[in-house]
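These are the residues of each chain, in order.
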Amino acid sequence: MSILGGIKKLGIAALLFCAVLPCSGQQLELMPWPAHIVRQQGSLALDGTPRIELTGGDERVHRALKRFILQLSVQTGVPFDRSFGKPPQGPLFVIQCSGPGLKVQALGEDESYHLSVRQSGIKLTAPSPLGIMYGLQTLLQLVQASPSGWVIPDVEIDDAPRLPWRGLMIDVCRHFVPLPVLERNIDGMAAVKLNVLHLHLSDDQGFRIQSRKYPRLTEYASDGLYYTQTQIRQLIAYAGDRGIRVVPEFDLPGHAVSWLVTYPQLSSGPAPAGLIRSEHDTLRPPLDPTNPQTYKIINQVFGEMEELFPDAYFHIGGDEVDPKYWNHDPKIQAWMRAHNISNAHDLQTYFTLRVQKIVAQHGKHMEGWDEILDGKLPKDSLIQSWRGSDSLANSARLGYKTVLSAGYYLDLMHSAADHYAVDPLGGPSASLTPAEQANIIGGEACEWTEYATPEILDNRLWPRLGAIAERLWSPATVTDVDSMYSRLAVLNRNLQWLGLQQQISTRTMLGRIAGDDMPISLLVTLAQAVEPVKDYNRETTQVYNAEQPLNRLVDAIPPESSLAREVNALAKRALLDPSARPDLREWFTRWSKNDAQIEPYLPNSILRVRLIPLSQQLAALGNLGLAALDDIQTGHPIAPEKKQKELDMLKSIAAPQAEMFIVVTPSVRCLIEAQPVP
Ligand code: ACM
């Protein structure tokens, strides 16, 4: 989607980097920003496949190098891959890896690297293959076009992550995510140095992985949509090759309808007849923690899964257990009395401790959502904090390792800036002792897929995930939001070279909505001015339903409108700088006129009919903006009643329609608010 000319990116980011770099005139488009970087004068001309001299490392490094060369050729359009393996030309690229790395990648493995680029060549050194892989990603981000060809600016980079657990959780239950979709997103994760893919594999909506011991789990509870064990091995190898650990989650004792559909005897009270397909299906009992059969089956399934997944951590869920099923079941209540357990939390802790023993028997550390937190857990348990950063600080204070997800829920449609502002070591964690803070090992973005199909997934993850990756990798002092957005835009473009679909999916879906009969540009004007409603507000007008097609404008647009950010900033500038006003007027005019042009097309497609009020609201905003610009121009005071009426109108213009709302209202509000009253 193109935007009108005249809106230029500010040079703030470039100015910022002058503090740490000699001014070069061109910003480095690195994300995440390295721990230490010094830019030197000059650059290395990339006029042939680098002559690579590799010492140390393992097979992963060889494969990473091969991908690096292929990626370089995709990125530059130069067919470097053809000469790969032939007598080498071009600059010297020395890679020294001091060790082979651990056989199974582990939390806390050394991820540092040193990268030096000079006119004479490149040197990349690292203690482990992980550092070499990260260094190669940095190098790809450094490649720039120059008038004489592709160049890499001379730099000296000493880099290592601030936090060792940098993850992404994907819920593959509410909408199944096929392997190629996961793989391309793993490529994206590797590009921004994330290192944990957490797969949410079982929930009320499905059991998404083959069990050889209990094949009925997928037979009864997957609709045929699940990963075979062969596919999972392939996925783990694919991720491992890119420095990414795969942590499986089997959510228990709540979110367990898929287990109960298969084994109703494990239910606390009557078992549901089928999988949860809609938010209206409310019978969702947890497993019965007082039934010995429960632990027998968990032991068998977990044993099998713990063999399949090599990672040291195994996630048992533990979130959102509805206590009413335990509190109202006479058999469970009697058992609790007999065992001196007085409430649902303590019963869940009893369950968690038994499951932890099963997990530990197979040699793993247990991970769970923050509801499992209880001082009785063994100290090697890992707590994933999702209900707020207080539980992160509490876990750390109690001596448990912990990762932050509160503030990183991508499905809630917040801006990259909102996520960027959330620091695991900020907020309540800032007042912990250094020893307690050391328990905070990172963060994990989460994507719950009630409203995300494979067609939409990339658009829900990217590019915002890049901002979270930077928060977890880069020094805490890297906080400039304008710089982040400027580099995020470059990342967003570059991710397409890896096959990520976030921009293509918007174009494809807008094309489907426009169909053959309407000019797509009219739809684009509307699409750029709106965002999906935030938090859990979509549920108020459209509850989750597994069968519902997700093919409307709300599904097609990115969670964050880059145009809104630009136009809202343009309006602020226009207040002080009259030369910015013609561009702003052009936008207001476009919005004002769009409704009359699009109106004939909206009623005649199911995909468009609910857009009618939204389009009218955008036209009203355009008209209000044009009037406000006229008033600013004349400089005359306006009556307080008129000002109040206009501000009230703005509120109704911003009211949600079709699960979206207009996000360019600040461009008009700032003009109205600035108007003098007599
Ligand atoms: C969660 O969002 N229920 C972990």
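To be clear, the structure that these remarks concern was listed above.
Now for a quick tour of the structure. Worth saying up front: this structure is predicted, and the values here are computed from it rather than measured.

Each value, and the rule that gives it
Residues numbered from 1 in each chain as written. Predicted model: local features only at pLDDT ≥ 70, side-chain atom pairs only at ≥ 80, totals over all residues. Heavy atoms only, no water. Helix = DSSP H or I, 4+ residues; strand = E, 2+ residues; numbered from the N terminus. Rg over C-alpha atoms; globule rule 2.2 N^0.38 Å. Buried < 20%, exposed > 50% of the residue type's maximum accessible area, 1.4 Å probe, protein only. Contact = heavy atoms within 4.5 Å. Areas by Shrake-Rupley, 256 points an atom, 1.4 Å probe, with all protein chains shown as cover. Lys, Arg positive; Asp, Glu negative; His and termini not counted. Charge placed at Lys NZ, Arg CZ, Asp CG, Glu CD. Expected span 1.5 Å × (residues − 1). Polar contact = N/O pair within 3.5 Å; in protein donor to acceptor, adjacent residues only side chain to side chain. Salt bridge = Lys/Arg side-chain N within 4 Å of Asp/Glu carboxyl O. 1 Å grid on protein atoms, 1.4 Å probe; cavity = no way out; pocket = protein on both sides within 12 Å on 5 of 7 lines; lining within 4 Å. Points joined across faces, edges and corners; volume = space filled by probe spheres on them. Nonpolar A, V, L, I, M, F, W, Y, C, P; charged D, E, K, R; others polar. Core = buried A, V, L, I, M, F, W, Y, C linked by side-chain atoms within 4.5 Å. Phe/Tyr/Trp six-rings, centres within 6.5 Å; stacked < 30°, edge-to-face > 60°. Lys NZ or Arg CZ within 6 Å of the ring centre and 35° of its normal. Axes fitted to C-alpha atoms, helices over the stretch in contact; angles between N-to-C directions. Left-handed = near helix turned anticlockwise from the far one by under 90°.

### Some details on the overall build of the chain
Within the chain, the regular secondary structure consists of 27 helices and 18 strands. Its C-alpha radius of gyration of 27 Å places the chain within 12% of the 26 Å reference for a compact globule of 678 residues. Here the C-alpha coordinates of the chain stretch approximately 80 × 70 × 55 Å along the principal axes. Within the chain, the proportion of its 678 residues that are buried is 57%. Taking the intrachain contacts of the chain between residues at least 6 apart in sequence as the baseline, contacts between residues at least 24 apart amount to 75%. A total of about 26,200 Å² of accessible surface is found on the chain, and carbon and sulfur atoms cover 55% of it. Charged side chains of the chain number 63 positive and 74 negative; the gap between the two group centres comes to 3 Å.

### A look at helix H9 (residues 292-308)
Along its 17 residues, H9 runs 25 Å from first to last C-alpha, staying within 8% of the 24 Å computed at 1.5 Å per residue. For H9, the N-terminal capping position is held by Asn291, with its side-chain oxygen 2.8 Å away from the main-chain nitrogen of Gln293.

### Focus: the pattern of salt bridges
The tally for this structure, following the rule as stated, stands at 29 salt bridges. Note that Asp58 is salt-bridged to Arg60, the shortest N-O span being 3.2 Å. Arg60 gets classed as buried once you look at its relative accessible area, which sits at 10%. Counted as one network, the salt bridges with shared partners bring together Asp171, Arg174, Asp203 and Glu450.

### Section: empty space enclosed by the protein
Gaps left between atoms are located by rolling a probe of water-molecule size over the structure's atoms. By the definition in use, this model includes two cavities of 30 Å³ or more. Quantified by volume, the largest cavity comes out at close to 80 Å³. In terms of lining, the largest cavity is formed by Arg552, Leu553, Val554, Ile606, Leu607, Arg610, Leu611, Ala658, Glu659 and Met660. A per-class count over the lining of the largest cavity returns seven nonpolar, no polar and three charged. Estimated volume of the second largest cavity: approximately 50 Å³. In terms of residue class, the lining of the second largest cavity is made up of four nonpolar, three polar and three charged.

### A word on the environment of Arg608
The topology assignment puts Arg608 in the loop between helix H24 (581-598) and helix H25 (612-634). Beyond its immediate chain neighbours, meaning those up to four positions away, Arg608 contacts Ile513, Ala514, Gly515, Asp517, Met518, Tyr601 and Leu602. A distance of 3.0 Å separates a polar atom in the side chain of Arg608 from a polar atom in the side chain of Asp517.

### Remarks on the nonpolar core
Trp259 and Phe302 are the most contacted members of the largest nonpolar core, which has 126 residues in total. When residues of this core are assigned to their parent elements, the largest contribution, eight residues, is made by helix H4 (residues 129-142). Contacts of Phe302, omitting those with residues within four sequence positions, involve Phe250, Leu252, Trp259, Phe314, Ile316, Val355, Ile358 and Val359. In terms of nonpolar packing, the next biggest core, distinct from the first, is built from 55 residues, Val524, Leu626, Ile632 and Leu647 among them.

### Quick notes on the packing of aromatic side chains
Applying the stated criterion across every chain yields a total of 18 aromatic pairs. A centroid spacing of 5.1 Å and a plane angle of 70° characterise the contact between Tyr134 and Trp473, whose relative ring orientation is edge-to-face. A residue pair is termed long-range when its members are at least 10 positions apart, and Tyr134 in helix H4 and Trp473 in helix H17 (residues 464-473) qualify at 339 residues. Each of the two residues, Tyr134 as well as Trp473, counts as buried. Note on Trp386 and Tyr409: the rings are 6.2 Å apart at their centroids and 10° apart in plane angle, and the pair reads as stacked. Placement of Trp386 in the loop between strand S14 (382-385) and helix H13 (389-397) and of Tyr409 in the loop between strand S15 (401-404) and helix H14 (416-420) is noted, with a sequence separation of 23 residues between them. In this structure Trp386 comes out as buried when scored by relative accessible area, which is 17%. A residue is classified by how much of its surface remains accessible, and Tyr409, at 7% relative accessible area, is buried. Aromatic ring contacts, followed pair by pair, group Phe207, Phe250, Trp259, Phe302 and Phe314 into a single cluster. A cation sits over an aromatic face here: Arg216 above Tyr220, 5.0 Å from the ring centre. Geometry around Tyr295 places Arg354 over its ring, the cationic atom sitting 3.9 Å from the centre.

### Overview of the layout of surface pockets
By volume, the second largest pocket amounts to about 630 Å³. Lining the second largest pocket are 31 residues, with Arg174, Glu320, Glu450, Tyr536 and Glu539 sitting closest to its centre. Grouping the amino acids of the lining of the second largest pocket by side-chain chemistry returns 12 nonpolar, four polar and 15 charged.

### Here we look at the packing of H9 against helix H12 (residues 344-361)
At a minimum axis separation of 9 Å, H9 and H12 run at an interaxial angle of 35°. Relative to H12, H9 is oriented so that their crossing is right-handed. Packed against H9, whose contacting residues are Thr294, Tyr295, Ile298, Asn299, Phe302 and Glu306, the element H12 presents Tyr350, Phe351, Arg354, Val355, Ile358, Val359 and Gln361 at the interface. Split by residue class, the contact of H9 with H12 holds eight nonpolar, three polar and two charged.

Bear in mind that shape data such as this cannot, by itself, settle questions of function.
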